[in-house]
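Now for the letters of each chain:
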Amino acid sequence: MNDLTLKLEGIAKAYNTGKPNEVQVLRGVSLTVGKGEVVALVAPSGAGKSTLLHIAGLLDTPDTGTVAIGGEDLTKLGDRKRTAVRRNDVGFIYQFHHLLPEFSALENIVLPQLANGIAQSVAEEHAIELLGKVGVAERAAHRPAALSGGEQQRVAFCRALANKPKLLLADEPTGNLDPGTSDRVFDALMDLVRSSGLSALIATHNLELAARMDRTVRLDKGLIT
Ligand code: ADP
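Criteria and thresholds
- Every chain begins its residue count from 1, and numbering advances along the sequence as written.
- A pLDDT threshold of at least 70 governs which residues receive local features in this predicted model, and a stricter bar of 80 or more applies before side-chain atom pairs are shown or counted, although totals over entire chains, interfaces and linings include all residues.
- Working from all heavy atoms in the structure, the side-chain values ignore hydrogens and water.
- Numbering of helices and strands runs from the N terminus, with a helix taken as a DSSP run of H or I at least four residues long and a strand as a DSSP run of E at least two residues long.
- The size measure is the radius of gyration over C-alpha atoms, and the globule rule it meets is 2.2 Å times the number of residues to the 0.38 power.
- For accessible areas, the Shrake-Rupley method is used with a probe of radius 1.4 Å. Any residue's cover is judged against the shown protein chains and nothing else.
- Cavities and pockets are found on a 1 Å grid laid over the protein atoms alone: a cavity is a set of points where a 1.4 Å probe fits but cannot escape, a pocket is an open set with protein on both sides within 12 Å along at least five of seven lines, and a lining residue has an atom within 4 Å of such a point.
- Grid points are joined across faces, edges and corners, and a volume is the space filled by probe spheres set on the points.
- In this classification, the charged set is Asp, Glu, Lys and Arg, the nonpolar set is Ala, Val, Leu, Ile, Met, Phe, Trp, Tyr, Cys and Pro, and all remaining amino acids, among them Gly, are polar.
- Note on aromatic contacts: the rings of Phe and Tyr and the six-membered ring of Trp form a pair at centre separations within 6.5 Å, being stacked when their planes are under 30 degrees apart, edge-to-face when over 60 apart, and tilted otherwise.
- Any residue under 20% of the maximum accessible area for its type is buried, any over 50% is exposed, and the rest in between are partly exposed; the area is computed with a 1.4 Å probe on protein chains only.
- Two strands make a pair as long as DSSP finds a minimum of two bridges between them.
- In the sections that follow, a salt bridge refers to a side-chain nitrogen of Lys or Arg positioned within 4 Å of a carboxyl oxygen of Asp or Glu.
- Whether two residues touch is decided by their heavy atoms; if any such pair falls within 4.5 Å, the residues are in contact.
- As a rule, the C-alpha atoms of each element are fitted with a line to give its axis, helices using only the stretch in contact, and angles between N-to-C directions run from 0 to 180 degrees.
- In these notes the angle categories are as follows: under 35 degrees is roughly parallel, over 145 is roughly antiparallel, 65 to 115 is roughly perpendicular, and the rest is oblique.
- Each crossing is labelled by how the near helix is turned from the far one, with a counterclockwise turn of less than a right angle marking it left-handed and a clockwise turn marking it right-handed.
- Each residue after the first adds 1.5 Å to the expected span of a helix.

Engineer: So what's going on with the overall build of the protein? Which residues, and what values?
Structural biologist: The number of helices and strands found in the protein is seven helices and 10 strands. By the compact-globule yardstick of 17 Å for 225 residues, the protein fits well, its C-alpha radius of gyration being 17 Å. Considering only C-alpha atoms, the protein reaches an extent of 50 × 40 × 40 Å along its principal axes. Here the protein displays about 10800 Å² of accessible surface, and carbon together with sulfur accounts for 51% of that area.

Engineer: So what's going on with the layout of surface pockets? Which residues, and what values?
Structural biologist: Looking at the largest pocket, its volume works out to about 530 Å³. Looking at the largest pocket, it is lined by 16 residues, and the ones nearest its centre are R86, V90, F92, P112 and R159. Contributions of two or more residues to the lining of the largest pocket are made by helix 2 (79–89), strand 6 (90–93), helix 3 (105–115) and helix 5 (149–161). Broken down by element, the lining of the largest pocket gets its largest block of residues, four residues, from helix 3. Per-class residue counts for the lining of the largest pocket are 10 nonpolar, three polar and three charged.

Engineer: Could you give me a rundown of the packing of aromatic side chains, with the residues and numbers involved?
Structural biologist: Tallied over the full model, the rule gives one aromatic pair. Ring geometry for F92 and Y94: centres 5.2 Å apart, planes at 10°, overall stacked. According to the relative accessible area criterion, F92 is buried, its value standing at 14%. Judged by its relative accessible area of 27%, Y94 is partly exposed.

Engineer: Give me the lowdown on the pairing of strand 4 (residues 64–69), citing residues and values where you can.
Structural biologist: As defined by bridge partners, strand 1 (residues 4–15) adjoins strand 4 across five bridges and the pair is classed as antiparallel. Paired with L6 across the two strands is I69, which belongs to strand 4. Of the pairings in the sheet, the one linking strand 4 to strand 5 (residues 72–73) comprises two bridges and is antiparallel in character. In the strand pairing of strand 5, A68 is matched with D73. Linking two consecutive strands that pair antiparallel, namely strand 4 and strand 5, is a turn of two residues; a positive phi of about 60° is found at G70 within it.

Engineer: Give me the pattern of salt bridges: which residues, what numbers.
Structural biologist: A complete count under the given rule lists 12 salt bridges for this structure. Among the salt bridges present, the one from K13 reaches D60, with a minimum N-O distance of 3.3 Å. Residue K13 is found in strand 1, and its partner D60 is found in the loop between helix 1 (49–56) and strand 4; the two are separated by 47 residues along the sequence. Judged by its relative accessible area of 9%, K13 falls in the buried class.

Engineer: Explain the sheet that holds strand 4 to me, and be specific about the residues and the numbers.
Structural biologist: Taken in spatial order, the four strands make up an open sheet running 2-1-4-5, and their pairing is antiparallel. Each edge of the open sheet carries a strand with a single partner, namely strand 2 (23–34) and strand 5. Contacting strand 1, strand 2 and strand 4, helix 1 runs over the sheet at an angle of about 125° to strand 1.

Engineer: Please set out the packing of helix 4 (residues 120–133) against helix 5 residue by residue, giving values where relevant.
Structural biologist: Two elements in contact, helix 4 and helix 5, have axes separated by 9 Å at closest approach and are oriented at 135°. When the interaxial angle is binned, helix 4 and helix 5 end up oblique. Taken as a pair, helix 4 and helix 5 cross one another with a handedness that is right-handed. Contact residues: helix 4 offers H126, L130 and L131, while helix 5 offers V155, C158 and L161.

Engineer: Quick one: what's the story with helix 6 (residues 179–196), residue by residue and with numbers?
Structural biologist: The end-to-end C-alpha distance of helix 6 is 26 Å, a good match for the 26 Å that 18 residues give at a rise of 1.5 Å each. Burial in helix 6 covers these residues: T181, S182, V185, F186, A188, L189, M190, L192 and V193. Directly beyond the C-terminal end of helix 6, a positive phi value near 65° is found at G197.

Right under this line is the structure:
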């Protein structure tokens, strides 16, 4: 039995900008997220949080190091398998909701499930259950433009959980909201994560939000300190 949902080992990443000095963003980052554990990733802007989350979520590849999700080393998988893992096992939340504007809140949560072969009625029932958990079930029929910023972000949380991932990766998930709203929306996210027993790595530069998680790791000068 492997009780680690995410295991990153020795992750290094440089961006070749075409200038003589390439940007060495990550210099050998190792971190783990246990089953059901919620870890805060705290770092100043530009420290490489997004780069690390993208590598953990298989959206980008490291120069060196390994990424294991659910005990399986995914570093050397081909594109098709990586896409399948990304779709089934990982949920992503960004600072901006990135909901599809032409579709209702409900449809935004149903569509990824249909893409995964779930029946429409089952997908809708699950979507309504998720929307209920974050307190926006009555807004299910509305398109994103008719929702407040906080509501849009709550819907984006539901979409990230639509396919029951093992791991949630979030990049400043409430960073775009005013402080009061951010607080309430973050509570909704934590309730959702806790009630689903999900493991999560959540980047924030807000130390109060970080303190509500199980553990904080800091990224500085390309290393976890
Ligand atoms: P954070 O999310 O902590 O703000 P990022 O991971 O977005 O940091 O970026 C870390 C550093 O890498 C920054 O200096 C950024 O300018 C640089 N960077 C990010 N993506 C690229 C890219 N595609 N090409 C070149 N440099 C990049």
